[in-house]
Amino acid sequence: METLTIVNGDIYTPTHFGQGNIVIQDDTISEITTETRQPSGQVIDASNCLVIPGLIDGLIHGGGGCDTMTGEIEDIATIARAHARNGVTSLVLGISSGSMAQINSALTAIAHVVDEPVADGSRILGSYVEGKFGSLAKNGAQNAKYITPPNFEEFHAMWAASDGTLKVISVAPENDENLQFIKHLATYKTDAYNDIVIAMGHTNATYQQAMAAIDAGITRATHTYNGMSGMHHRELGAVEAVIAHPNIHAELIVDEHHVHPFWGNNLIEQKGVQSVGLITDCTELAGVPTEEWQTSATYVAELDAYRLNEGAISESDTAFEAGTTEKYVRDGAMWLDVGKPTERLAGATITLMEGVRNVVNWGHSLSEALTMATLTPAQNLGVAAAVGSIATGKIADIAIVDENLSVKSTILRGKLLKN
């Protein structure tokens, strides 16, 4: 049995434990203690550092220069490695709207890495079909050409392609006749679908439709505020239902572009840290240094934005249709068709550790921000028994960071990944 001991760190579990030591045997946390003793095996001195749970990003679309939709196993491995270096130890990989062939290819590649984890990469909890069953009125960066109402034929094809690793399915409930799709998944999710999480997103539902859908079995809101009806002083929609209903987990993109901090704080204050999960909804540029991606981009002065050249864009990217859609980076976020009538926000370029830093800067304690980036999403995704906090008996997924949340080391399943 291999032993690894982290000593002298200021531990957040995510609540503040204080100065102490963590003993790891093989891949499992065996002890958290304030006692001083001679450690055995490998020792990591975390003096002047914070020791925190590895973060869980519940919705990403890429990282390390790779997109989740290519259908290439090595691209998924690259994504996992890029996020692990940034202290994010668990991921759910987003699937955009696309042809069924493309979606199923992506699901199969992701399933391969779920079943055979990358040794130096974040654990992949599964895939997240985000846009396929959305609303045309709220498609955002999702390719409207491939959006369809929720239906069992396409869902079961995706389920088979994912080999049962499809973790989250997002739907626009107003397009689900009599909520039959949602009710079926809610009824059989444990027996037939590995406890799949049913989400509501890219939706133009009324408040009443959204509340009924939550009551029928939806437990997660896809990137709250974005691609979602509501925020009107007379006409309530899905946003207000997410805020009002106690039984739904609200994702919150924390790059400060998708959601203004005022509204981010409002969501957290209304629902509490036990019901809000921080996500990035990040693109392939997450974890890629600015100077690196700019070498293959063109700066367009009149737009004050960098256009990502075709060579840097995957031909399988469903947000990219040759000759019609262009990707840009402007002011720290990815946009489509900048300067055109079809201009729209496409995704973040940050990793979740940067998002946690943002939330702390909004005025929340580190414990609160970490809870929303670790334990709360773990509970909604049904994996809290194994990950999401530093506790005895749990998998040793841990990040060691300085006071500015810069990652010094990542512990993946009990093994040290040096940054």
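You'll find the structure just up there.
Residues numbered from 1 in each chain as written. Predicted model: local features only at pLDDT ≥ 70, side-chain atom pairs only at ≥ 80, totals over all residues. Heavy atoms only, no water.

### A word on the pattern of salt bridges
And step 1. Going through the model one piece at a time under the given rule, you end up with 11 salt bridges.
And step 2. The partner of Lys 327 in a salt bridge is Glu 284, and the shortest N-O contact between them spans 3.0 Å. Residue Lys 327 is located in strand E18 (residues 327-330), and its partner Glu 284 is located in the loop between strand E15 (276-279) and helix H8 (290-293); the two are separated by 43 residues in the primary sequence.
And step 3. Residue Glu 284 is classed as buried on the basis of its relative accessible area of 5%. (Salt bridge = Lys/Arg side-chain N within 4 Å of Asp/Glu carboxyl O. Helix = DSSP H or I, 4+ residues; strand = E, 2+ residues; numbered from the N terminus. Buried < 20%, exposed > 50% of the residue type's maximum accessible area, 1.4 Å probe, protein only.)

### Examining the environment of Ala 161
And step 1. Along the polypeptide, Ala 161 turns up in helix H3 (residues 152-161).
And step 2. Of the residues examined, Ala 161 reaches a relative accessible area of 15% and is grouped as buried.
And step 3. Placed 28 residues apart in sequence, Ala 161 and Lys 189 show a C-alpha to C-alpha distance of 17 Å.
And step 4. Dropping the residues within four chain positions of it, Ala 161 is found in contact with Asn 104, Leu 107 and Thr 108. (Contact = heavy atoms within 4.5 Å.)

### Describing the nonpolar core
And step 1. Core analysis: the largest hydrophobic core is formed by 81 residues, its most contacted members being Phe 155, Ile 169 and Leu 252.
And step 2. Top element by residues in this core is helix H2 (residues 100-115). It accounts for 6 residues.
And step 3. Once residues within four sequence positions are removed from consideration, Ile 169 is found in contact with Val 129, Phe 133, Phe 155, Met 158, Phe 181, Leu 185, Ile 196, Val 197, Ile 198 and Ala 199.
And step 4. Within the second largest apolar cluster, 16 residues are counted, among which are Ile 56, Val 92, Ala 199 and Ala 384. (Core = buried A, V, L, I, M, F, W, Y, C linked by side-chain atoms within 4.5 Å.)

### Examining the pairing of strand E14 (residues 249-253)
And step 1. Among the 5 residues that make up E14, 5 are buried, leaving the element largely enclosed by the rest of the structure.
And step 2. Residues His 249, Glu 251 and Ile 253 point to one face of E14 and Ala 250 and Leu 252 to the other, with burial holding for every one of them.
And step 3. Across 2 bridges, the pairing between strand E13 (residues 220-221) and E14 is parallel. Paired with Arg 220 across the two strands is His 249, which belongs to E14. (Pairing = 2+ DSSP bridges.)

### Here we look at the side chain of Thr 5
And step 1. Its location among the elements puts Thr 5 in strand E1 (residues 3-12).
And step 2. Those residues in contact with Thr 5, other than ones at most four positions away along the chain, are Ile 22, Val 23, Pro 39, Ser 40, Gln 42, Val 43 and Ile 44.

### Some words on helix H7 (residues 261-271)
And step 1. Along H7, the residues that are buried comprise Pro 261, Gly 264, Asn 265, Asn 266, Leu 267, Ile 268 and Lys 271.
And step 2. Close packing links the buried residues of H7 with helix H6 (238-244), E14, E15 and helix H10 (366-373).
And step 3. Immediately beyond the C-terminal end of H7, within one or two residues, lies Gly 272, with a positive phi of roughly 90 degrees.

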